[in-house]
There are 4 protein chains.
Amino acid sequence: MKSWREECGVFGVWNHEEASRLAYLGLYAMQHRGQESAGIVCLQNKAHLSHRGLGLVGDVFREETLEQLKGDTSIGHVRYSTTGDNLILNAQPLMANLLNGPVAIAHNGNIVNNAKLRHELQESGSIFQGTNDTETLLHLISRTKTNQIVPALMQSLEKIVGAYSIVLLTRDKLIAARDPLGFRPLVLGYKTNHKGQKSPVLASETCAFDLIGAQFSREILPGEILVIDDQGEKSYMLSSIPSPVDRAKAQCIFEHVYFSRPDSIVFGHSVYESRKKFGAWLAKENPLDADVVIPVPDSGVPAAIGYAKESGVPFEFGIIRNHYIGRTFIQPQQSIRNFGVKIKLNPQSAVLSGKRVVVVDDSLVRGTTSQKIVRLIRQAGAKEVHMRIASPPTISPCYYGVDTPQKSQLIAAQSTILEIEKFIEADSLRYLSIEGLFHAFGELPQTNFCAACFDGKYPTEIADGVA
Amino acid sequence: MKSWREECGVFGVWNHEEASRLAYLGLYAMQHRGQESAGIVCLQNKAHLSHRGLGLVGDVFREETLEQLKGDTSIGHVRYSTTGDNLILNAQPLMANLLNGPVAIAHNGNIVNNAKLRHELQESGSIFQGTNDTETLLHLISRTKTNQIVPALMQSLEKIVGAYSIVLLTRDKLIAARDPLGFRPLVLGYKTNHKGQKSPVLASETCAFDLIGAQFSREILPGEILVIDDQGEKSYMLSSIPSPVDRAKAQCIFEHVYFSRPDSIVFGHSVYESRKKFGAWLAKENPLDADVVIPVPDSGVPAAIGYAKESGVPFEFGIIRNHYIGRTFIQPQQSIRNFGVKIKLNPQSAVLSGKRVVVVDDSLVRGTTSQKIVRLIRQAGAKEVHMRIASPPTISPCYYGVDTPQKSQLIAAQSTILEIEKFIEADSLRYLSIEGLFHAFGELPQTNFCAACFDGKYPTEIADGVA
Amino acid sequence: MKSWREECGVFGVWNHEEASRLAYLGLYAMQHRGQESAGIVCLQNKAHLSHRGLGLVGDVFREETLEQLKGDTSIGHVRYSTTGDNLILNAQPLMANLLNGPVAIAHNGNIVNNAKLRHELQESGSIFQGTNDTETLLHLISRTKTNQIVPALMQSLEKIVGAYSIVLLTRDKLIAARDPLGFRPLVLGYKTNHKGQKSPVLASETCAFDLIGAQFSREILPGEILVIDDQGEKSYMLSSIPSPVDRAKAQCIFEHVYFSRPDSIVFGHSVYESRKKFGAWLAKENPLDADVVIPVPDSGVPAAIGYAKESGVPFEFGIIRNHYIGRTFIQPQQSIRNFGVKIKLNPQSAVLSGKRVVVVDDSLVRGTTSQKIVRLIRQAGAKEVHMRIASPPTISPCYYGVDTPQKSQLIAAQSTILEIEKFIEADSLRYLSIEGLFHAFGELPQTNFCAACFDGKYPTEIADGVA
Amino acid sequence: MKSWREECGVFGVWNHEEASRLAYLGLYAMQHRGQESAGIVCLQNKAHLSHRGLGLVGDVFREETLEQLKGDTSIGHVRYSTTGDNLILNAQPLMANLLNGPVAIAHNGNIVNNAKLRHELQESGSIFQGTNDTETLLHLISRTKTNQIVPALMQSLEKIVGAYSIVLLTRDKLIAARDPLGFRPLVLGYKTNHKGQKSPVLASETCAFDLIGAQFSREILPGEILVIDDQGEKSYMLSSIPSPVDRAKAQCIFEHVYFSRPDSIVFGHSVYESRKKFGAWLAKENPLDADVVIPVPDSGVPAAIGYAKESGVPFEFGIIRNHYIGRTFIQPQQSIRNFGVKIKLNPQSAVLSGKRVVVVDDSLVRGTTSQKIVRLIRQAGAKEVHMRIASPPTISPCYYGVDTPQKSQLIAAQSTILEIEKFIEADSLRYLSIEGLFHAFGELPQTNFCAACFDGKYPTEIADGVA
């Protein structure tokens, strides 16, 4: 139902006997970051072996597939992808056989100057298979004069403007790279292998480490290129940082608002705790007398707990979520109102009837879902319905790796809060302020974070638009 | 992970243009009652048309299938089923072409004297297709001397001992029947059809009504046979009630403890509220100083909320549940401990580290899952882990339509609470008492409920045993 | 394209380590006898294990399925089946668990008095699952008073009028039975097992023996019941033969005309040789000056070879058949004439241009396919097209296990040969005469064969019609 | 069973309302040229829309797929492909989005200097997706300085040594090209469209025209580039012809021996008639007293007919072929000898017993299949078995688009005819001589044909070898 979707999750592991199984599990733990394709590339006798497919991780991989992906180094990727025949061509990790051997890349982010780079490459004869911006990076690497991967990668990345957290595999190296502004998360950890050695592990989120029993070590730094091979680890920094605007880093605050799993530690903060604080601050900014606080499950739960604790209003699960949603769902034809929301969320009268209800959600994008939720809560007998959003109004699209609606479809870019309140038919609607957001988060001034979706201040040029 | 599984959900609708779509949605809302097969039979020109298959409702039915199941009356069924070639033969609704026309039956419950009845029928030449006890009822009906369905059904039911909530379809009648002790739930509601008439709807749980926008009217009474046809509704009561033992009704308390959806009203009580009360009473019976109360999600959530409110200890989502579990899941081979639980549940250090943790679950059957949960919570840094179960120890198998382990595998039937506490490695383990359960529930004395799984007092003879 | 289809093939093997694999191969060799469902039941520790499915043998069975069907005795079946939800319920072997153990039946043929028997059984309370006449036999067996399978089977068969070649499996016996008139073929052979013993094998056609390397021994006799168990083989004869009319046996001549594989020996004759003789006699009865003789492949090939040899006109493959026909085939919308035939058969100008062509087919049912073939041959440049049918005009439907069109759709039942000649647009059309057929076959007078489809003389009452 | 496999078939149609359906049917008729992948690209509003998949044409395309491939111009391709994850990347038509728009190529043949060209392209930064030589051509086109497709294609083709019959689609042109030596066939025809205009059609074989009702016009000439667009047709000739060796053309004689469908006209000859002539000449070169001539079906049939006619020995179908071979076939474990051949071919005693048998096959590659056939014929009772091969011994691999075994596995490259005769256990073995082959074919001297597989004389340099 959310129309603000993370585009990718990446994973990598070096020197572990069950490398592809760990990749599988790591992707599985990060399934929320991309549900339309999944892929794993492993290193086997200096060659790359891969399996990529459309669908959930659990559907794309079978026991027999993983059996074949033997080798002690793997990278993996989950993503949302586009439609049409080329679907599978966009599934990552992207692979190419360069003269010096195979290269596979898993990429989370978005190259802002992709259209220009792609056009230049096509003009000089490069052939593009898919529509994916990651392919541009592969071509840049292929076109460098050096046949050493680290300088080739550095030269290529210095031409790129945008967001990238990358895991790259050659025939003898596992490489992690994060753009100089650090838009997307990327973390390093270690898991002990069967010989008792510490195998380096890379992931978009720490929840992947939890599942596979790896120890979190540190974040890959903005602008860092970490090279892992048989000699150990070596770290490089990108020398020229393209187009920084008015800040030190541009880590995505929306990772904490909605994208990341609550049990991950992202940019040094617990996501669950951040959301609780957003909820608590929301209560502080907008005091209200009410009988019950309920979340829109599942993403609104931590903020609602924070709100309840701060406000003293009791927390309840007033809306029950049905998790048995299959791949396809058949709609009734006409006889059931607000059906799209109802199939997932059922507000229960036993909790809501006759009550003044505060309903807490993490964000509000188009408003249509919120409208249906308010209506359903009222049908369940609520006396008053007060919508509380644990983040500021979303007024600008994201160009850094998130699939967002155009500005014209962001209700807060087009309407006042009062108009939105009326549209969603709530007795009241309140958002968390930007200052409140960063105050609660403990990151004021917000010089290390990008909040362009809330404030319209893009940390890079965005001339190109988005692919 | 639960090894105490509800066996079925049933649904029926009369005189509605979208009958099969409503059945589909009703089954979808009751998917938790049976996830291994699903089926719908509809009435079309006095004939029966059916589609049954193995899998989730959303997988068994496609748009084109529902398109074919036209007609304004349908019944449906979800169930757990057995293995082997005959799987599909056991999928319900069961159907037969009797001389007087087609009969289809959807059954929730279990016939206790099935083996004896089946043997008698086979001796006189009846051929059984599956292993399902519902087939016995079909044969009994087929063998009656009358060719009228209502007396045939009543004569047949009077031979049966056990639990049954039945929805039955002939070529011109929709019939609901509930056994005299009322083990399993069965509710009647109404949904307005396109002509503005009130179409009767039957379901195991009210959450099915919520999804399709039907109004709950009343429960089908224990011993009632409700006949719906073009003449309207007529109610009959079974005259001879087989083998009642020491009580008025025997409604299943476990529906409130675990089976039913929290947003359903079952036996006149909100399941969500019951569970909150069980949790609150659990706190009252076993006071304890702690830092945080967390549920085992999702089934332990209401009880944990109740516990937290009663005890004053703050409620947190200390364990995050991953809902992206596919049909198959590939296990890692050896390197990850306690994996089976971890793939679904991730305790988060940010909430648990250094804390005295109360973890609330709805029930404890074998103890192996609880052990893993306790370990994971401790690995996440908890100082103390106190397991609280919002129901009494489960000491006896169920013979009334629930798939339970044998007595030898019920840990509470074999060990003292202290031994279990030690086995699951908790700092303390406490259960809710039976008296507390019914006190909290507001049903003391418990003359209307079966709690055989907790107290071993079976409301009927059980000579036969159950498969 | 043929609208005269055999309905089944049966197979059985006793005491061979690879019993289910042999069944698989035997069915595979008899795939032409039924392409819509396939099934195998094997005996494992006195229980029956089965796998049945819709589709070709090669699609229904996988390696892992056969792996599970272990045991040294199996029976199998291929058939055409009906449409709808009950499809799989009609797939054979049919199985039932009687009081004395499991019974599985594979049946080729048709019970002529099925409707009457079924009605009587239903009246006394039997429940039918499918629409299959074989189920009636199962019920008859189940209703007998004896609990010994051989008398039970004999009593049941004596109530049945019609065609049946049956292979039946109990928990300790493999039984073959053939109706008293011997409509359908059923043969016995032996294959040496791994211990060097001779394992009995049963099949509809000898081509099944060829593939598995078994030695043909003899035909099961009309009216014979052969019982195979650990004591060896015992043969019984049905004492009362129901409704014989004017002949000794009623073996189906159409098995030689079209159904059976040319490499089978059926009713003591090589099918390939019979067809060659039909073709030769056809040439003798209808001499004609021509340039080339071509078959309609594949079924017309042997007759065309016989015709060519007898007439001295050269034999050529003037029509090339494309064997890559998939499960579904997408039709062009409008721009291609006579497409349905063309997709399979391509007459080639190189052979036909400017020639007087004799085209030989095994039979002619509706005439529409023949019309298209004549047109295509003419388009390929033939000067004259003479259609020759190596069997008499088909004027009556079959009630003995063949899926035939109704009389109204048999062109020869409605039109003179001259009218058909005109309809199919041939320069001339000639059939083989009935006398010629049996003369060529070497079975004059035809007292041992049923030719009801050609002469309308049914060997039994047919009051019931056909299911 | 044949280990000498054609690698591709191509198709194209311009300006016909049912373009993709015609492509589907054309590919269907040429299924024998490639059974592992199939693809169609159509032109829709100046863009390309495609569907490609692994499997038979009838499985890759569904009605709904063809529905989407609307547009009045299409090209298509069938091929054998390699294994692994990249399978689908090699499926043709290959597509690329160049700066001047989309280009799609369907290619039959093989680029002999591919490795060198690919290495040069990679060195200057081109990224290859698959392992297919056709991709090299795409890169060459992309790297030309011109943005006009015709000069770009001509410049690219002039760098290529090898065999290619190509159909290419841009946003406004359909182009056919054939290499200067004309190794592979490519024909032009016309089909009337719904407006009564003549739509150009291209195909590897004329049998594709027969199925769709198109009129054969002429062959695309060796070295010709035919450009079809809204202005009509324009023909160009490649100016520099790379590496011709000692002959005018190098058309593949094996197309007549085995690859092409017998009902096609290839290089101006009827394939059926050629094979009959090969068989007749074989009889003339090796006279023998025998009782019966039988073909190895289906490919040996025309040669056997020719042999029989020339020798006067009667022709019979002594081996019956089972065409119901599914995708997978499960092997028996041990008890059946020579099974691999038997599952397809059943020699029948009725024809062979006691006879001196001449068995005619089109070619003999490894000898293992022939050995099994000889054994089976002998088991069927033949007194003598004489193998006759309607082509010369195959002694050299093909580098021009055929998947052949290495020289070491070509039995005739390693052994004398006498040794092969002994190996296959025949009473005698005779091949057709090369001179006989071309004499029968009517193309002596053979200056227009490549017979490198028989004589080892390659018409181009072959320095590179082939994958």
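Model, not experiment: these values are computed from the prediction.

A. Examining the relation of the copies chain A and chain B more closely. Overlaying chain A on chain B yields an RMSD of 0.0 Å, the required transformation being a rotation through 180° with an accompanying axial translation of 0.0 Å. As the rotation angle and translation indicate, the two copies are arranged about a two-fold axis. Taking C-alpha positions as reference, the residue of chain A nearest the rotation axis is His323 of chain A, located at 3.5 Å. Looking at the interface residues of chain A, 100% of them are also at the interface in chain B, so both copies use one shared face.

B. Region of interest: the packing of helix H5 (residues 114-123) of chain C against helix H6 (residues 133-143) of chain C. Residues and elements named next belong to chain C. One can describe the packing of H5 onto H6 by two numbers: an axis separation of 10 Å at closest approach and a directional angle of 45°. Overall, the two elements H5 and H6 adopt an arrangement that is oblique. The interaxial crossing formed by H5 with H6 has left-handed handedness. Here Asn114, Leu117, Arg118 and Leu121 of H5 lie close against H6, whose contacting residues are Asp133, Thr136, His139 and Leu140. Of the residues that constitute the contact of H5 with H6, the class distribution is three nonpolar, three polar and two charged.

C. Structural view of the sheet that holds strand E13 (residues 224-229) of chain B. Residue and element names in this part refer to chain B. A sheet is described by the order of its strands in space; here six strands give the open sequence E6-E7-E8-E9-E13-E14, paired in antiparallel fashion. Bordering the open sheet on either side are strand E6 (94-98) and strand E14 (232-237), each of which pairs with just one other strand. The average undirected angle you get between the axes of adjacent strands in this sheet is 20°. Across four bridges, the pairing between strand E9 (residues 174-178) and E13 is antiparallel. Residue pairing for E13: Ala177 is matched across the bridge by Ile225.

D. Geometry of the interface of chain A and chain B. Contacts between the two partners involve 50 residues from chain A and, on the opposite side, 50 residues from chain B. Those elements that place two or more of their residues in the side of chain A that touches chain B are helix H1 (19-29), helix H2 (57-60), helix H3 (63-68), helix H8 (206-212), helix H10 (271-285), helix H11 (301-311) and helix H13 (349-352) of chain A. When its residues are assigned to classes, the side of chain A that touches chain B shows 26 nonpolar, 12 polar and 12 charged.

E. Quick look at the arrangement of the chains. Looking at chain A next to chain C, you find no contact at all, with the nearest C-alpha pair sitting 14 Å apart. You won't find any contact between chain B and chain D; their C-alpha atoms come no closer than 14 Å.

F. Geometry of the packing of helix H10 (residues 271-285) of chain B against helix H17 (residues 434-441) of chain B. All names here are of chain B. The contact between H10 and H17 brings their axes to 9 Å, and the two run at 130°. The angle between H10 and H17 falls in the class oblique. Considering how the two elements wind past one another, H10 and H17 form a crossing that is right-handed. Contact with H10, carried on its side by Ser274, Lys277, Phe278, Ala280, Trp281 and Glu285, involves Gly436, Leu437, His439, Ala440 and Phe441 of H17 and no other residues of that element.

G. Representation of the confidence of the model for chain A within the structure. Residue and element names in this part refer to chain A. Across chain A, pLDDT averages 90, with 91% of residues at or above 70. Per-residue pLDDT stays below 50 along residues 82-86; that stretch engages in seven contacts with residues further than four places along the chain or on separate chains. Here the complex is predicted with pTM 0.83, and the ipTM for its interfaces comes to 0.90.

H. Structural detail: H11 of chain A. Residues and elements named next belong to chain A. Here H11 lies mainly inside the structure; nine of its 11 residues are buried. Contact partners of the buried residues in H11: H10, strand E18 (292-295), strand E21 (356-361) and strand E22 (384-389). Once H11 ends, the next one or two residues include Gly312, with phi positive near 80°.

Cut-off values and rules
Each residue is numbered by its place in its chain's sequence as written, counting from 1. Chain letters and ligand numbers both follow the written order, the letters beginning at A and the numbers at 1. Local features are withheld for residues below a pLDDT of 70 in this predicted model, meaning they are given only at 70 or higher, and side-chain atom pairs are given and counted only at 80 or more; totals for whole chains, interfaces and linings count all residues. Copies are brought into register by a least-squares superposition over C-alpha atoms of residues with pLDDT of at least 70 in both. Once C-beta atoms are placed from the backbone, any two residues with those atoms within 7 Å are in contact. Fitted lines through C-alpha atoms give the axes, limited to the stretch in contact for helices. The angle between two N-to-C directions lies from 0 to 180 degrees. Each helix is a run of DSSP H or I of at least 4 residues and each strand a run of E of at least 2, with the numbering of both proceeding from the N terminus. Oblique is the label for any angle not covered by the other classes, which are roughly parallel (under 35 degrees), roughly antiparallel (over 145) and roughly perpendicular (65 to 115). Put simply, a crossing is left-handed when the front helix is turned counterclockwise from the back one by less than a right angle, and right-handed when it is turned clockwise. In the scheme used here, Gly and all other residues not listed as nonpolar or charged are polar, with Ala, Val, Leu, Ile, Met, Phe, Trp, Tyr, Cys and Pro taken as nonpolar and Asp, Glu, Lys and Arg as charged. Whether two strands pair depends on DSSP finding at least two bridges between them. Every residue gets a pLDDT, meaning the predictor's confidence in that residue, from 0 to 100. Three classes are used. A residue is buried when 20 or more other C-beta atoms lie within 10 Å of its own, exposed when 12 or fewer do, and partly exposed in between, with C-beta atoms placed from the backbone.

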